[in-house]
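# Survey of secondary and tertiary structure
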Amino acid sequence: MAWPSNRRTTEEDRQRWRDIYAESDAAAGIETTEDFEPFKQRNDMFTRAFWDDTVRSKHTDGFFQSYRMKANYRNGDGFRQKDFALRNASWLISDIISNRSADQGRREGFQAPISEDTPVAETKVEIDNPMAMAAEIKRIARFFGADLVGLTDFDDRWIYSSRVDTRDFSDAENTLPVGLTSVIVLGHKMDQELVATYPSALAGAATGREYSHEAAIVIQLAAYIRNLGYQAVPSMNDTGLVIPYAIKAGLGEYARNQMVITPEFGPRLRFSKIFTNLPLSHDAPRPLGVRAFCDICTECADACPAKALPYGPPEVSAASEASAIQGVRKWTSDAKACFQYWAKLQSDCAICMRVCPFNRDFDKLTDRLWRKLALGRWRKLALWLDKRSNRAKRLKPKDWWDGA
């Protein structure tokens, strides 16, 4: 399938989506309006930083160059040469994958799906029990290293209406095989101690490590599926929006900080996905109670140095917000303000992840008890307890190194 780069959503499209997804959207807390439009990846803030003069600056250029051994090292704790060295090394496997088709305008895993490294087997394994196959896929995904696995249907609303040709940053057709039916969503937990050092270049190693991990995992799992005789397209940030798939796959619930809160790791993880026609049963959305907690909690917005996170209830983004999907009622950040802060740091910032009350170690009984309060009617008590705890205190990067 392909969305032509100039295609506009029709009322027939919207009616079809309402007919198919009204019930599961309601269960997942997803609300679309009559103005819904699939997102054009060229409008992603990271991509706009290459072609949009209202976004691009010497700081944004420096941000990207800092990942290519041109970082502005400084004496500040967390921004020394070894901090950038660990961050950039953690990205290496992901970078190798994403750069291998650069001469074709395809940045794999980011502005294009990851290429198929193995063919689809000519002989197809017959699947007569999609539920058993789903359990098998989850087991294999965990064998390769995924921390969470959920399965949902192939919903073309979240497929980018066009991808990006990175040679000139023009729109390109976002083509996928015909007949895809399922999306396998994989969660990859980030290192809790590194996350505690945000904002710092050192903390960026927690992000880069998981991108490198997920690149290997989706490639291997997709190869397994193709060896069974079925299509499998491995994907990271490319091809479509992963958050709605993760929510529909029952992995968690959307939060004010723009992240998916999972019961296992809170917001502290990255997601990847595989599009496939392998016969699989699907998981159901799991409303946890996060929305009700976020309604009374603004810790992420209060802590955001760029003031990029919203207060108040979820809203539909204005049409002028190019980097926000149109026609979805949700909490939406000021992506430009957020990325400008990243650019000045020369590293990613996830203070909102660090301070989120759900950023806890749920292997501990005390944190599991807190989660039970937070997701129930005692949420105000849970918030009160969190505000009076030391949980969100920043770990000094030098202390992380001293303990390494």
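Rules and cut-offs
- Along each chain, residues carry numbers from 1 onward, in the same order as the chain's sequence is written.
- Local features in this predicted model are restricted to residues whose pLDDT is 70 or higher, and side-chain atom pairs enter the listing and the counts only when it is 80 or higher, whereas totals over whole chains, interfaces and linings include all residues.
- Note that the side-chain values use all heavy atoms of the structure and ignore hydrogens as well as water.
- Secondary structure follows DSSP: runs of H or I at least 4 residues long count as helices, runs of E at least 2 residues long count as strands, and numbering of each begins at the N terminus.
- Only the C-alpha atoms count toward the radius of gyration. The rule for a globule is 2.2 Å times the residue count to the power 0.38.
- The cut-offs for exposure are 20% and 50% of the maximum accessible area for each residue type, with area from a 1.4 Å probe on protein chains only; residues under the lower value are buried, those over the upper are exposed, and the others partly exposed.
- In this description, a nonpolar core means a group of buried Ala, Val, Leu, Ile, Met, Phe, Trp, Tyr and Cys residues linked to one another through side-chain atoms lying within 4.5 Å.
- A contact between two residues is defined here by any heavy atoms of the two lying within 4.5 Å.
- In this scheme, a helix's expected span is set at 1.5 Å multiplied by one less than its residue total.
- The convention used is that axes are lines fitted to C-alpha atoms, helices contributing only their stretch in contact, and that angles between N-to-C directions extend from 0 to 180 degrees.
- Angle categories: roughly parallel below 35 degrees, roughly antiparallel above 145, roughly perpendicular from 65 to 115, and oblique for all the rest.
- Helix crossings fall into two classes, left-handed where the near helix is turned counterclockwise from the far one by less than a right angle and right-handed where it is turned clockwise.
- Classification convention: Asp, Glu, Lys, Arg as charged; Ala, Val, Leu, Ile, Met, Phe, Trp, Tyr, Cys, Pro as nonpolar; all other residues, Gly among them, as polar.
- In this description, strands pair whenever DSSP reports at least two bridges between them.
- By convention in these notes, a salt bridge is any Lys or Arg side-chain nitrogen within 4 Å of a carboxyl oxygen on Asp or Glu.
- Centres within 6.5 Å are what make two rings of Phe, Tyr or Trp a pair, Trp counting through its six-membered ring; a difference in plane orientation under 30 degrees is then read as stacked, over 60 as edge-to-face, and the rest as tilted.
- Definition used: whenever NZ (Lys) or CZ (Arg) falls within 6 Å of the ring centre and also within 35 degrees of the ring normal, the charge is taken to sit over that ring.
- Charged-residue counts in this description rest on Lys and Arg as positive and Asp and Glu as negative, His and the chain ends being excluded.
- In this context, the arc is that of the directions from the helix axis out to the C-beta atoms.
- We call two N or O atoms a polar contact when they sit within 3.5 Å, provided that within protein one can donate a hydrogen and the other can accept it, with sequence-adjacent residues counted only if both atoms are side-chain atoms.

Our next topic: the overall build of the chain. Per the secondary structure count, the chain includes 16 helices and 13 strands. For 404 residues, the compact-globule formula gives about 22 Å, and the C-alpha radius of gyration of the chain, at 21 Å, lands near that figure. Across its three principal axes, the chain shows a C-alpha extent of roughly 55 × 50 × 45 Å. Burial analysis of the chain (404 residues in total) assigns 52% to the buried set.

If you look at the biggest cluster of nonpolar residues, it comprises 46 residues, and the most contacted ones within it are I137, I184, L186, L221, I225 and L278. Tallying contributions element by element places helix α8 (residues 204–227) first for this core, with eight residues. Setting aside residues up to four positions removed in sequence, I137 forms contacts with L151, I184, L221, Y224, I225, L278 and L280.

Moving on, we get to α8. Relative to the 34 Å expected for 24 residues at 1.5 Å per residue, α8 spans 35 Å between its end C-alpha atoms, a close match to the ideal helical length. Among the 24 residues that make up α8, 18 are buried, leaving the element largely enclosed by the rest of the structure. Looking one or two residues beyond α8, the residue adopting positive phi is G229, at roughly 100°.

What follows concerns the packing of helix α4 (residues 81–90) against α8. Between α4 and α8, the least distance of the axes is 7 Å, while the angle of their chain directions is 15°. Put simply, α4 runs roughly parallel to α8. In this structure, α4 crosses over α8, and the sense of that crossing is left-handed. Contacts from L86, R87 and S90 in α4 reach G204, A205, G208, R209 and S212 in α8.

Attention now moves to the packing of helix α5 (residues 92–99) against α8. Between α5 and α8, whose axes approach to 6 Å, the crossing angle comes to 55°. Judged by the angle between their axes, α5 and α8 are oblique. The two elements α5 and α8 meet at a crossing, and its hand is left-handed. Across the interface between the two elements, L92, I93, S94 and I97 from α5 touch Y211, S212, A215 and I219 from α8. The class makeup of the residues in the contact of α5 with α8 is six nonpolar, two polar and no charged.

Pairing is antiparallel across the open sheet formed by three strands, whose spatial order is β2-β13-β12. Lying at the two open borders of the sheet, with one neighbouring strand each, are β2 (32–37) and β12 (315–316). Direction of pairing for β12 relative to strand β13 (residues 326–330): antiparallel, over a ladder of two bridges. Its bridge partner being in β13, E315 is matched across the sheet by K330.

The next point concerns the pattern of salt bridges. Opposite charge on two side chains makes pairing possible when the charged atoms of those side chains draw close. Per the counting criterion, the structure on display carries 26 salt bridges. Bridged by salt links that share partners, the residues D25, D155, R157 and K248 form one connected network.

Okay, the packing of aromatic side chains next. One pass over the structure, following the stated rule, counts 25 aromatic pairs. Residues F46 and F339 carry aromatic rings whose centres are separated by 5.2 Å and whose planes lie at 70° to one another, so their mutual orientation is edge-to-face. Of this pair, F46 sits in helix α2 (residues 45–51) while F339 is found in helix α12 (residues 335–345), placing the two residues 293 residues apart along the sequence. Accessibility expressed as a relative area gives 35% for F46, which makes it partly exposed. Members of the aromatic cluster, joined through ring pairs, are F46, F50, F63, F64, Y67, W91, F110, F169, Y211, F339 and W342. The ring of Y67 has R87 lying over it, and the distance from NZ or CZ to the ring centre is 3.5 Å. When the ring centre of W370 is taken as origin, the NZ or CZ atom of R360, which lies over that ring, is 3.9 Å away.

The element strand β11 (residues 269–276) is largely enclosed, with a buried count of seven among its eight residues. Here strand β8 (residues 232–235) pairs with β11 via four bridges, running antiparallel. By the bridge assignment for β11, A232 is matched with T276.

For the rest of this paragraph, the subject is the side chain of R354. Within the secondary structure, R354 is located in helix α13 (residues 351–355). Despite its burial, R354 pairs with no opposite charge, the nearest such side chain being E299 at 9.2 Å. Sequence-distant contacts of R354, defined by excluding residues within four places in its chain, comprise V195, A196, Y198, P199, N359, R391, A392, K393 and R394.

Attention now moves to α5. Side chains of residues three or four places apart in an α-helix project in the same direction, reflecting 3.6 residues per turn. Buried within α5 we find S94, D95, I97 and S98. Each buried residue of α5 lies within a common arc of 165° when the element is viewed along its axis, so the set occupies one face.

Attention now goes to the environment of D155. Mapping D155 onto the fold places it in the loop between β3 (148–153) and β4 (163–165). In this structure, the C-alpha to C-alpha distance between D155 and Y245, residues 90 residues apart in sequence, is 8.1 Å. The residues contacting D155, other than those within four sequence positions of it, are Y21, Y245 and K248. In terms of polar contacts, D155 uses its side chain to reach the side chain of W158, at 3.1 Å.

A word on the sheet that holds β3. Spatial strand order, β3-β7-β11-β8: four strands in an open sheet with antiparallel pairing. At either margin of the open sheet sits one strand with a lone partner, and together these are β3 and β8. Recorded for the sheet is a direction-independent mean angle of 20° between the axes of neighbouring strands. Sitting on the sheet, α8 touches β7 (182–189), β8 and β11, and the angle it makes with β11 is about 20°.

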